[in-house]
Amino acid sequence: MDDKNPSSSSLPKTSKGTTTDGRPARRESQQKPGVPIGPPLSAEAHSNPNAQPAAQELALNYLQAALAEHPCEHLLPALISDHLAAPTLDGLDPDLLTLAQAKKGFNVLIPGSAYLKPGDEFNLLWGGTTYPTQLVDEVNVKQAVMGTQWLFSSPTSHLRQGKVQVCYDVFRDGLRIGTSAILHVKLQDFYSINDKQKSRKTSFQRKNRPKKQDD
């Protein structure tokens, strides 16, 4: 046998995929440090530079081109909250609104604004209650008071009492474009005690006054 060409049987055998310390050899993967994390690149993309991009990439490119050509800012209506005055009570003082006046009923006046246009919609909010929507048309868009809302307190239509915030929202093309300034209303029941009630109260106190015990 020729010493210069040793047989393969004399070479030491080593197991593939392991290192000398018994751990498996690290594979060349994308989890390897230095390789960016991301979806695996197909061999077709490397071999064919003229390959067509995927459907998701096509949609993304189309969206970016559309936004660059037609910015979406003009699709959103301008907010006009700073130009919407607060509603008012017709002939009533909002700081002295009694329950008797609320039961009788009153009108809430909704002022117009030069920033509104026909087709806009608005609705009054009394505390947490939202009232039916009204429309801005060719007539009331030019008026100082573009709408009124009749309110009254009854067993079936209860008005929130105490300190109440009253305002209105404006919508254009289904989007809210503004909320008016807030009117603060104090709704409470004021009453006075008449002479008959005073005498009845005095007699009740005398009747229930504890008697003094003799020493």
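Residues numbered from 1 in each chain as written. Predicted model: local features only at pLDDT ≥ 70, side-chain atom pairs only at ≥ 80, totals over all residues. Heavy atoms only, no water.

Caption draft 1: Structural view of the overall build of the protein chain. A tally of regular secondary structure across the protein chain gives four helices and ten strands. Starting at the N terminus and ending at the C terminus, the protein chain contains elements arranged as α-α-β-β-α-β-β-β-β-β-β-β-β-α. When burial is assessed residue by residue, the protein chain has 21% of its 215 residues classed as buried. By sequence separation, contacts in the protein chain at least 24 residues apart represent 62% of the contacts at least 6 residues apart. About 17200 Å² of surface is accessible on the protein chain, with carbon and sulfur atoms providing 54% of the total. (Helix = DSSP H or I, 4+ residues; strand = E, 2+ residues; numbered from the N terminus. Buried < 20%, exposed > 50% of the residue type's maximum accessible area, 1.4 Å probe, protein only. Contact = heavy atoms within 4.5 Å. Areas by Shrake-Rupley, 256 points an atom, 1.4 Å probe, with all protein chains shown as cover.)

Caption draft 2: Structural context of the pattern of salt bridges. Summed over all chains, the structure comprises two salt bridges. Among the ionic pairs, Arg-172 bridges to Asp-120, the shortest N-O distance being 2.8 Å. Taken together, the positions of Arg-172 in strand 8 (residues 162-172) and Asp-120 in the loop between strand 3 (106-111) and strand 4 (121-126) put the pair 52 residues apart, joining distant regions of the chain. Take Arg-172 and Asp-120: they sit in the same class, and that class is buried. Residues Arg-176 and Asp-169 are paired through a salt bridge, measuring 3.7 Å at the closest nitrogen-oxygen approach. According to the relative accessible area criterion, Arg-176 is exposed, its value standing at 52%. Residue classification places Asp-169 among the buried residues on the basis of a relative accessible area of 7%. (Salt bridge = Lys/Arg side-chain N within 4 Å of Asp/Glu carboxyl O.)

Caption draft 3: Highlighting the nonpolar core. Core analysis: the biggest nonpolar cluster contains 26 residues, and Phe-106, Trp-126, Leu-151, Leu-159 and Val-170 have the highest contact counts within it. At the level of elements, strand 3, strand 4, strand 7 (145-151), strand 8 and strand 10 (183-188) are the ones that each hand at least two residues to this core. In terms of residue count, the dominant contributor to this core is strand 8 (four residues). (Core = buried A, V, L, I, M, F, W, Y, C linked by side-chain atoms within 4.5 Å.)

Caption draft 4: Molecular detail of the side chain of Ser-180. Along the chain, the position of Ser-180 falls in the loop between strand 9 (175-179) and strand 10. If near-sequence neighbours (up to four positions away) are discounted, Ser-180 is found in contact with Leu-84, Ala-85, Ala-86, Pro-87, Cys-167 and Tyr-168.

Caption draft 5: Molecular detail of the pairing of strand 3. Burial of strand 3 is extensive: five of the six residues sit out of reach of the surface. Of the pairings in the sheet, the one linking strand 1 (residues 88-89) to strand 3 comprises two bridges and is antiparallel in character. Counterpart to Leu-89 in the pairing with strand 3 is Val-108. The pairing of strand 3 with strand 7 spans six bridges and is classified as antiparallel. From the neighbouring strand, Val-108 faces strand 7, where its bridge partner is Gln-149. (Pairing = 2+ DSSP bridges.)

Caption draft 6: Main features of the sheet that holds strand 3. Taken together, three strands build an open sheet; the order of strands is 1-3-7 and the sheet is antiparallel. Sheet topology places strand 1 and strand 7 at the edges, where each strand pairs with a single neighbour.

Caption draft 7: Representation of unusual backbone geometry. One non-glycine residue with positive phi stands out, namely Asp-173, at about 55°. When you line up the elements, Asp-173 lands in the loop between strand 8 and strand 9. On the basis of relative accessible area, Asp-173 is assigned to the exposed category, the value being 75%.

Caption draft 8: Main features of the packing of aromatic side chains. The final tally for this structure, using the stated rule, is one aromatic pair. With a centroid separation of 5.9 Å and an interplanar angle of 55°, the aromatic rings of Phe-106 and Trp-126 are classed as tilted. You can see Phe-106 sitting in strand 3 and its partner Trp-126 sitting in strand 4, a full 20 residues away along the chain. One exposure class covers both Phe-106 and Trp-126, and it is buried. (Phe/Tyr/Trp six-rings, centres within 6.5 Å; stacked < 30°, edge-to-face > 60°.)

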